Amino acid sequence: EGLFGPKNSKLNPAVSASELEKIEENLHEAQLDDPIQRAVAAGDYPLAVRLYYLAVLKELAVRNHIRWKRDKTNGAYLRELAGSPLFATMQEVTLIFERIWYGKVELTNADFKQLEIKLKKAVATASA
């Protein structure tokens, strides 16, 4: 592809596997804005969605709405929020995350921008 061709995101990820692991291990202290911006800039929208989802989980955990554990399922977090005003927001972002991350959905920049509005709103709601 030459110098100016598309980068293979697998060879040069916006956020390395080890960095993602560190974020997940220390979610309460993690700074997610910079990794999110790097993932978006690299066009790695599934990773950006995952990082936004982690940002929502972080805000919920910091405010003791959920108890964060790396190996917990998304369903377990939803059960913790049952009856909470935050449940609907969390349910929506969980569906977005799972569809994109596990469903291997191809996102255009425009698709991502629409999802990003919902994800940013969910982070704000969780941190209110």
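In what follows, the accompanying structure is described. Residue positions are given per chain, counting from 1 as you read along its sequence in written order. In view of the model being predicted, local features appear only for residues whose pLDDT reaches at least 70, and side-chain atom pairs are presented and counted only at 80 or more, with totals across whole chains, interfaces and linings using the full set of residues. With hydrogens and water excluded, all non-hydrogen atoms of the structure serve as input to the side-chain values.

What about the environment of R38?
And step 1. In this description a helix means any DSSP run of H or I spanning at least four residues, a strand means any run of E spanning at least two, and both kinds are numbered starting from the N terminus. Relative to the elements of secondary structure, R38 occurs in helix α2 (residues 33-41).
And step 2. Sequence spacing of R38 and S127 is 89 residues, and the spatial spacing of their C-alpha atoms is 22 Å.
And step 3. Residues count as neighbours in contact if any of their non-hydrogen atoms are within 4.5 Å of one another. Look past the residues within four positions of R38 in its chain and what remains in contact with it is A14, V15 and E19.
And step 4. Any N or O atom pair separated by 3.5 Å or less is treated as a polar contact, with the protein-specific requirement of one donor-capable and one acceptor-capable atom, and with residues adjacent in sequence counted only for side-chain atom pairs. There is a polar contact of 3.0 Å between the side chain of R38 and the backbone oxygen of A14.

Some remarks on the packing of helix α3 (residues 45-62) against helix α5 (residues 87-101)
The packing of two helices is summarised by the inter-axis angle and the distance between the axes.
And step 1. Orientation is described by axes fitted as lines to C-alpha atoms, over the contacting stretch for helices, and by angles from 0 to 180 degrees between their N-to-C directions. Here α3 crosses α5 at 150 degrees, and the two axes come no closer than 9 Å. Looking at the two axes, α3 sits roughly antiparallel to α5. Remark: the crossing between α3 and α5 carries left-handed chirality. Where α3 approaches α5, its residues P46, L47, V49, R50, Y53, V56, L57 and L60 are matched on the opposing element by M90, V93, T94, I96, F97, I100 and W101.
And step 2. For the contact of α3 with α5, the residue count by class is 13 nonpolar, one polar and one charged. By definition in this entry, angles of less than 35 degrees are roughly parallel, angles greater than 145 are roughly antiparallel, angles of 65 to 115 are roughly perpendicular, and the rest are oblique. Should the near helix be turned anticlockwise from the far one by less than a right angle, the crossing is left-handed, and should it be turned clockwise, the crossing is right-handed. Residue polarity is assigned by list, with Asp, Glu, Lys and Arg as charged and Ala, Val, Leu, Ile, Met, Phe, Trp, Tyr, Cys and Pro as nonpolar; anything else, Gly included, falls into the polar class.

Some remarks on the packing of α3 against helix α6 (residues 109-126)
And step 1. Look at α3 against α6: their axes get within 9 Å of each other, and the N-to-C directions meet at 10 degrees. Taken as axis vectors, α3 and α6 run roughly parallel relative to one another. Within the contact between the two elements, α3 uses Y45, A48, V49, Y52, A55, V56, E59 and L60 and α6 uses N109, F112, E116, L119, K120, A122, V123 and A126.
And step 2. Per-class residue counts for the contact of α3 with α6 are 12 nonpolar, one polar and three charged.

Concerning the packing of aromatic side chains
And step 1. To pair, rings of Phe, Tyr and Trp, with the six-membered ring standing in for Trp, must have centres within 6.5 Å; the planes then decide the type, stacked if under 30 degrees apart, edge-to-face if over 60, and tilted in the middle. For the coordinates displayed, the defined rule picks out five aromatic pairs.
And step 2. Centre to centre, the rings of Y53 and F97 are 4.5 Å apart; their planes meet at 5 degrees, and the pair counts as stacked. Of this pair, Y53 sits in helix α3 while F97 sits in helix α5; the two residues are 44 residues apart in sequence, bridging distant segments of the chain.
And step 3. Its relative accessible area of 2% is what places Y53 among the buried residues.
And step 4. A simple rule labels every residue: compare its accessible area, found with a 1.4 Å probe on the protein chains alone, to the largest value its type can have, and call it buried under 20%, exposed over 50%, or partly exposed in between. Note on F97: relative accessible area 5%, which makes it buried.
And step 5. Consider the rings of W68 and Y77, whose centres lie 6.1 Å apart with planes at 5 degrees: the pair is stacked.
And step 6. Judged by its relative accessible area of 16%, W68 falls in the buried class.
And step 7. Residue Y77 is classed as buried on the basis of its relative accessible area of 1%.
And step 8. Here the aromatic residues Y53, F97, W101 and Y102 are joined through ring pairs into a cluster of three or more.

Geometric descriptors of this kind do not, in isolation, establish any biological role.
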